[in-house]
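As a plain string of letters, each chain reads:
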Amino acid sequence: MIISASRRTDIPAYYSEWLINRLKEGFLYVKNPWNRKQCSKIILNPEVVDCIVFWTKNAQPMLDKLDIIDAMKYSYYFQFTLTPYGKNIEKGLPPKNVVVDTFRRLSDKIGPHRVVWRYDPVIINEKFSVQYHIDTYGKMCNMLRGYTNKCIFSFIDLYAKIRNRTKGIVESEVSDINMNKIADGFSKIAKSYGIELSTCSEVKDLSKYGITHASCIDKAMIENIIGCPIKAKKDVNQRHDCGCIESIDIGAYDCCGNGCVYCYANANQSVVMRNMKKHNDKSPILIGNIDANHVITERKVKSFKILQTSMFSKNNV
């Protein structure tokens, strides 16, 4: 199985100690987002966990824990979001120079092939014009030269639940004309730096610019990291245009402290702060604790690895 840690919250930034405790104990619980009394028990060990995909905007708290994960023989890579926005849009993040330094240190530690840069999402407004993005993207590519091989970007989706938060910042989604301008500019810059460029869950076909549709939880990338072919299906629980393979997300909604106004995973800040206070590093579940009212079902999990049955034919015996 593939562990996603996590689309729902920034586990590396806020819950790395909890994660290490769960890996050491060999299991965790995940609440059903639609029925909080239902929980799945997920067994964790390197025999069934083929790869862990970390999603983060600040990997700094994880840097001193990677040796522990390596010693436990887990394979992993990072989806690391680094955008050009400030505190009015990403309220809880460190200064950009600090995040860039963390990105570089992470890459130095695990290799650029295991750190995917996410420029996500692209917001167009009076301040963040098309030209601003193209100019800034070039500067960021230069800062990350040699520290990543791949960049994934997407355009903002104004979900109903985030419209109040984005008022005064972004009033509309990116037009088709501006998508093409961004794609053209980004593709030329990425090519000059030897960076593979893809979009995340975008309907629009940008292949004429050499831009592919990304699989953020990527079969080929995982096979390259673990050195073994895997058999995994497309994740039917994601959006139609998402190319990711199936995974188990171990996070929870409404508990990320990054405070990004464009985030679909948080309802409002007061709920987030209340949930973060409930977190216990020693608990088997991310937020709160398990009690007698929870119904726990152990999820059947297995490795996706395709192992060779034999290296010898009859003629060699």
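Report follows, based on the coordinates. (Residues numbered from 1 in each chain as written. Predicted model: local features only at pLDDT ≥ 70, side-chain atom pairs only at ≥ 80, totals over all residues. Heavy atoms only, no water.)

**So, the nonpolar core**
For step 1, the next point in the chain: Ranked by internal contacts, the top residues of the largest apolar core, which has 63 residues, are Ile-3, Trp-117, Tyr-137 and Phe-153.
For step 2, the next point in the chain: The dominant element in this core, judged by the number of residues it contributes, is helix α7 (residues 176-192), at six residues.
For step 3, the next point in the chain: In this view, Ile-3 contacts Ile-42, Leu-44, Val-49, Cys-51, Ile-52, Val-53, Ile-248 and Ile-250; residues no more than four positions away in its chain are not counted.
For step 4, the next point in the chain: Core analysis: the second largest hydrophobic core is formed by 22 residues, Val-53, Trp-55, Ile-152 and Ala-232 among them. (Core = buried A, V, L, I, M, F, W, Y, C linked by side-chain atoms within 4.5 Å. Buried < 20%, exposed > 50% of the residue type's maximum accessible area, 1.4 Å probe, protein only. Helix = DSSP H or I, 4+ residues; strand = E, 2+ residues; numbered from the N terminus. Contact = heavy atoms within 4.5 Å.)

**Description of α7**
For step 1, the next point in the chain: An ideal rise of 1.5 Å per residue puts 24 Å on 17 residues; α7 measures up with 25 Å between its terminal C-alpha atoms.
For step 2, the next point in the chain: All of the buried residues along α7 are Asn-178, Met-179, Asn-180, Ile-182, Ala-183, Gly-185, Phe-186, Ser-187, Ile-189 and Ala-190.
For step 3, the next point in the chain: In this fold, the buried residues of α7 make contact with β6 (115-122), α5 (130-143), β7 (150-155) and β8 (196-199).
For step 4, the next point in the chain: Just downstream of α7 lies Gly-194, where phi reads positive at about 70 degrees. (Expected span 1.5 Å × (residues − 1).)

**Details of the packing of aromatic side chains**
For step 1, the next point in the chain: For the structure on display, the rule yields 16 aromatic pairs.
For step 2, the next point in the chain: Seen in terms of ring centroids, Tyr-119 and Tyr-137 are 5.5 Å apart; in terms of plane orientation they differ by 80 degrees. Their pairing is edge-to-face. With Tyr-119 in strand β6 and Tyr-137 in helix α5, the pair connects residues that are 18 residues apart, well separated along the chain.
For step 3, the next point in the chain: Taken together, the aromatic side chains of Trp-117, Tyr-119, Tyr-137, Phe-153, Phe-155 and Phe-186 make up a single cluster linked through ring pairs.
For step 4, the next point in the chain: Above the ring of Phe-27, the side-chain terminus of Arg-22 is found at 4.8 Å from the ring centroid.
For step 5, the next point in the chain: In this arrangement the basic side chain of Lys-41 is found over the ring face of Phe-27, its NZ or CZ atom lying 5.0 Å from the centre. (Phe/Tyr/Trp six-rings, centres within 6.5 Å; stacked < 30°, edge-to-face > 60°. Lys NZ or Arg CZ within 6 Å of the ring centre and 35° of its normal.)

**Some details on the side chain of Asp-249**
For step 1, the next point in the chain: Structurally, Asp-249 is set in strand β10 (residues 248-249).
For step 2, the next point in the chain: Within the structure, the side chain of Asp-249 is placed 3.2 Å from the side chain of Ser-4, a separation counted as a polar contact.
For step 3, the next point in the chain: From its side chain, Asp-249 meets the backbone nitrogen of Arg-7 in a polar contact 3.0 Å long.
For step 4, the next point in the chain: What Asp-249 contacts, discounting residues up to four positions off in sequence, is Ser-4, Ser-6, Arg-7, Arg-8 and Val-30. (Polar contact = N/O pair within 3.5 Å; in protein donor to acceptor, adjacent residues only side chain to side chain.)

**Details of the sheet that holds β6**
For step 1, the next point in the chain: Strand order across the open sheet formed by eight strands is β9-β8-β7-β6-β5-β4-β1-β10, with parallel pairing between neighbours. At either end of the open sheet lies a strand with only one pairing partner, and these are β9 (212-213) and β10.
For step 2, the next point in the chain: Here four bridges tie strand β1 (residues 2-5) to strand β4 (residues 51-56), and the two strands are oriented parallel to one another. When the sheet's bridge partners are listed, Ser-4 is paired in β4 with Val-53.
For step 3, the next point in the chain: Those strands touched by α7 are β6, β7 and β8, and its axis lies near 170 degrees from that of β7. (Pairing = 2+ DSSP bridges. Axes fitted to C-alpha atoms, helices over the stretch in contact; angles between N-to-C directions.)

Such coordinate-based values are descriptive only and should not be taken to indicate function.
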